[in-house]
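# Notes for the structure review
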Amino acid sequence: MRRLHFLSALMTFASAWWSVGMADDSPLPCKLGLSAFLGPPRVELQQLFVGERFPNVVVTSAGTVLATWGSRRYQVRRSQDGGASWTESLVVAEPGFHGGGVTVDEISGRILIFVEREHPPALLTVFQSLDDGLTWEPFPVVIRPDVRGNIPSMHMCEAGLTLLHGPKVGRLIRPARVYQGPKGYNTAIFSDDGGKTWTPSEPFPEEGTGEGAIVELSDGRLYYSSRKHWFPEPPYRHERLFGWSFDGGESWRELQFSPVLPDGPRYRGLEARGANYNGHFGMMAGLTRLPVSAEDILLYSNADWDGHERIRLTVWVSFDGGRSWPIKRLVFKGPSAYSSLAAGRPGTPTDGWIYVLFEGGEKSPYEGGYLARFNLSWVLQGEPTGDGGIPGWVSPLTE
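Below or above, wherever it landed, is the structure these notes cover. Each chain carries its own residue numbering, running from 1 in the written order of its sequence. Given that the model is predicted, a residue must reach a pLDDT of at least 70 before its local features are reported, and side-chain atom pairs must reach 80 or more before they are shown or counted; all residues, however, enter totals for whole chains, interfaces and linings. Hydrogens are left out, water is left out, and the side-chain values use all remaining heavy atoms of the structure.

## Side note on empty space enclosed by the protein
Only protein atoms enter the 1 Å grid used here. Points where a 1.4 Å probe fits but cannot escape make up a cavity, open sets with protein on both sides within 12 Å along at least five of seven lines make up a pocket, and a residue lines them when an atom lies within 4 Å of a point. Grid points are joined across faces, edges and corners, and a volume is the space filled by probe spheres set on the points. Applying the stated criterion across every chain, the model contains one cavity of 30 Å³ or more. Put simply, the largest cavity is a space of about 560 Å³. Forming the walls of the largest cavity are 29 residues, and the residues nearest its centre are E106, G160, L161, T288 and R289. Secondary structure is summarised from DSSP: a helix means a run of H or I of at least four residues, a strand means a run of E of at least two, and numbering begins at the N terminus for each. Elements with a contribution of two residues or more to the lining of the largest cavity: α1 (2-18), β2 (56-59), β12 (161-162), β16 (209-216), β20 (286-289) and β23 (327-343).

In structure tokens:
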């Protein structure tokens, strides 16, 4: 019965997406789901944890917001009213180092979390919840080596997802990485059996990458946003690196640097190590796609600063699947670091909300974690970047 319930939910959710091909030239109301994210601008900020790091935020199939984190203890908090109030934190594993990649299986409703014993590479335990995040139990998995013989580590990535388009519908996929000294490389792991067995993709075709994020676009392509912390030689880049998959996450290609999105603080020092290894630019970022038919509206979060400090947590919005990012808005001007984004689900208390869970504090970005929830209208009142503009099908609905 559980499987039938979630299959029905998936079919309902997918029906909105299936109208993509018919809605491009249709009247504005046919862009299903957009109006919930507009209306009067709204934003709220609250602190969810202290003294820990490494956040992920997801919205479950039932519309519950799950906030997860942990550098010593892996913890979870739940909200069933769209993020207005939260349960006390539940310790899932101690010791427990957050592996990122929290994954909601849209077919079964299973939620998977990835916990490493300490900073990776380290022993990995996967936990599952079958009751919307109330309880957790170990879930045996097999993670195969990649084509280079390496078994990926999990830390520290954006949430995973279930593919809803193309021949791999139902596939679970999440970012992962391989540690190799100062270099290493990003990858993804995917499962076609509900999370029991995971196969790595081909390596991300760029050394010195990690802490990735993946979203699926309405045509089935996957967009991979990557941190880049190492360069073999100058010039050292400060822009975010991204690439594409056209085969359900089995390979990545067409890599390029964004002309607008920063890969964390844009440190411009000249010393070799400071400018070339993991210290003054490059940072885990948030990435999500709004559940709006006919359009690929993406949001990205990271620090926005020309110095080396990790401050000014900001969100950017794209209306064309990541090709341009015309608007940005400051969320938190103080010290802030790693972040994770999630979008609300239609027909639940989360509908119309966008969530960013990030590290932050008054004096240090590592004092704890804050959650901001806001709508698209609030972001659209931000600062133009000069990289494209707001499409006409959005503007009339924001007036």
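We are not done yet, so read on.
## Regarding the pattern of salt bridges
A carboxyl oxygen of Asp or Glu within 4 Å of a side-chain nitrogen of Lys or Arg is what we treat as a salt bridge. As enumerated under the stated definition, the model contains 18 salt bridges in all. With its nearest N and O atoms 3.0 Å apart, the salt bridge here joins E359 to R53. Here R53 lies in the loop between β1 (43-50) and β2 and E359 lies in strand β24 (residues 354-360), a separation of 306 residues in the sequence. Both residues of the pair, E359 and R53, count as buried. Taking the shortest distance from any N to any O, the salt bridge between R227 and E211 comes out at 2.7 Å. With a gap of 16 residues between them, R227 in strand β17 (residues 222-228) and E211 in strand β16 connect regions that are remote in the sequence. In terms of burial, R227 and E211 fall into one category: buried. In the salt-bridge network here, residues are joined through shared partners; they are K168, R171, D192 and E250. Type-normalised accessible area, obtained with a 1.4 Å probe on protein chains alone, sets the label of each residue: buried when under 20%, exposed when over 50%, and partly exposed for intermediate values.

## Description of the sheet that holds strand β18 (residues 239-245)
Taking strand neighbours across the sheet as the criterion, the four strands line up as β16-β17-β18-β19 in an open arrangement whose pairing is antiparallel. Among the strands making up the open sheet, the edge pair consists of β16 and β19 (253-262). Within this sheet the neighbouring strands show an average axis-to-axis angle of 30 degrees, counted without direction. Strands pair, by our definition, only if DSSP identifies at least two bridges between them. Bridge analysis of β18 against β19 gives four bridges, and the strand direction is antiparallel. Each axis is a line fitted through C-alpha atoms, and for a helix only the stretch in contact is used; angles between axes span 0 to 180 degrees, taken between their N-to-C directions.

## What to know about the nonpolar core
Nonpolar side chains tend to gather and get buried jointly when the protein is soluble and globular. By convention a nonpolar core is built from buried Ala, Val, Leu, Ile, Met, Phe, Trp, Tyr and Cys residues, the set being connected through side-chain atoms within 4.5 Å. The biggest cluster of nonpolar side chains holds 28 residues, and the ones touching the most others in it are L290, V317, V331, F374 and L376. For this core, the elements supplying multiple residues, two or more each, are β22 (311-318), β23, β24, β25 (368-374) and α4 (376-380). Residue contacts are counted whenever heavy atoms from the two residues lie within 4.5 Å of one another. The residues contacting V331, other than those within four sequence positions of it, are L313, T314, V315, V356, F358, A372 and W378.

## Observations regarding the packing of aromatic side chains
Each Phe, Tyr or Trp ring (for Trp, its six-membered ring) is paired with any other whose centre lies within 6.5 Å, and the angle between the two planes then decides the class: stacked below 30 degrees, edge-to-face above 60, tilted in between. Enumeration over the complete set of coordinates arrives at 16 aromatic pairs. Summarising the aromatic geometry, the rings of F319 and W393 are spaced 6.0 Å apart at their centres and angled 85 degrees between planes, so their arrangement reads as edge-to-face. With F319 in the loop between β22 and β23 and W393 in the loop between β26 (383-384) and α5 (395-398), this pair connects stretches of sequence that are 74 residues apart. We classify W393 as buried; its relative accessible area is 16%. Both rings, one in F374 and one in W378, keep their centres 5.2 Å apart while their planes meet at 45 degrees; by these two values the pair is tilted. Note on F374: relative accessible area 0%, which makes it buried.

Just geometry here; none of it tells us what the structure is for.
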